Each structure stands twice: as structure tokens, then as C-alpha cells.
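Working through the structure, step by step
Here is what each chain is made of, one letter per residue.
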Amino acid sequence: MTPREVRRGPARRAGTGRPRIRSVLGIPLPMMILALIIAALLGVQLATALEKSTTSASHMTGASVDSGSGTGKNSAGLTVVTEASVGTEVQRLVDTGTIQPMTSFDAAQCQQEQGITESILIMEEVSWGGEDTTGWLLVHGPVDRETLRANGGIISATVVLPTCGTGAHDEDPGQDRLWAGHVMIGSL
């Protein structure tokens, strides 16, 4: 016997015993194939789920908030604003610089009643939430509109009822407030 045959042992020399399973990076080949099949099946399921979720979303109808009728406006033509969309609406107002005439709404008196010490930059008559409550969106802050448009930043927004500023709720001016908070505005 040669030294090589002695190291191999008698079982290998004769060819008897179990066949050796090949491995890839130390993982047996059948396990590697099984893992690839499972990964492929999961990929197909995820792709199908993604396709179904985006397909149903793409069939939804929508329109620009700037359009006269359609999604985003109520039957009176007022922009429908909710807590989820108030930031987008404030950004649109800052970008376009839209200013609506106040008609019968006294913004200065409302500002005083609500304790708003910052100057009102932009205001818009809106429809608040699913209840279709008519109100005014007041955008106010310590900077002017041009600085806000150029630099962005955090700005305050308050949604109030049209009765704000009329003295209807002198005992509790908070009853005229539908929502108040801060909105992050991006620069142009």
C-alpha cells in the first residue's frame, strides 16, 4: 500500500459506502436548491400582492385640488381639508400665494379671540373633514410668505368656524377652533 491509499482508508478504495453529497459554501446542495425554490415562491407571492395592491389604487379616480370640481372639493367648491391633508393644502397655498377675500369673516378679531400673536400669512375658506363643516384655514407665523417660500420651515395653521371673531363664543373661544397645529413647509 502506498501512503496515499493508507490515508484514504479501505472504504474509499473499494468504492463502497454512502455517496458523498456535494455542498456549496458548506451547505448541502439539496438544502440550497430547496432554499432557492422557497425564495422564488415567496417572491412570486410578494409580486402578486404588490400588483393587486397597486392595481386597485390605480383605478381610483382623482383630480387636482386646484380643479373646480372633483376629489378635494365639495359641492360648494370649497377645498376639503382633514388632519391628514392640512399640510398639503398649506404647502399649496404657500406655493401659489392664493389669497381669498374675507367676505364676512373678520380675521383680525378671530386672531385676537384665538390668542394668535403671529401675523396671518394666508387664509382660505375650506370644508373641514367628513362632516363637511365650513371653516377658515388660517396660516400664521413669525416670517413673511416670501421668506417661507424661499427657505421653508415650520409654520402654524389653525382651522376655525366662520363664527370665529363674531363674539358668538365669548365664554370659550376654543369652541370656534376645529384644528390647530404646526405644518412643515418645504422651500421652492
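Everything discussed here concerns the structure shown above.
Notes on the structure in this doc start here. (Residues numbered from 1 in each chain as written. Predicted model: local features only at pLDDT ≥ 70, side-chain atom pairs only at ≥ 80, totals over all residues. Heavy atoms only, no water.)

So, on to the state of the cysteines. Under the criterion given, the structure shown has one disulfide. Each disulfide pairs two cysteine sulfurs, and for cysteine 110 the partner residue is cysteine 164, the sulfurs being separated by 1.9 Å. Residues cysteine 110 and cysteine 164 share a disulfide whose torsion about the S-S bond is about 95°; that sign makes it right-handed. Taken together, the residues cysteine 110 in helix 5 (residues 107–114) and cysteine 164 in the loop between strand 6 (153–160) and strand 7 (177–185) connect sequence positions 54 residues apart. A relative accessible area of 0% places cysteine 110 in the buried class. On the basis of relative accessibility, which here comes to 1%, the residue cysteine 164 falls in the buried class. (Disulfide = S-S within 2.5 Å. Helix = DSSP H or I, 4+ residues; strand = E, 2+ residues; numbered from the N terminus. Buried < 20%, exposed > 50% of the residue type's maximum accessible area, 1.4 Å probe, protein only.)

Moving on, we come to the sheet that holds strand 3 (residues 79–81). One open sheet accounts for five strands, arranged 3-4-5-6-7; its pairing is mixed. Strands at the two margins of the open sheet, each flanked by one partner only, are strand 3 and strand 7. Here the average twist between neighbouring strands, direction ignored, is 40°. Pairing of strand 5 (residues 133–141) with strand 6 involves five bridges; the strand directions are antiparallel. (Pairing = 2+ DSSP bridges. Axes fitted to C-alpha atoms, helices over the stretch in contact; angles between N-to-C directions.)

Worth remembering: the numbers are spatial, not functional.
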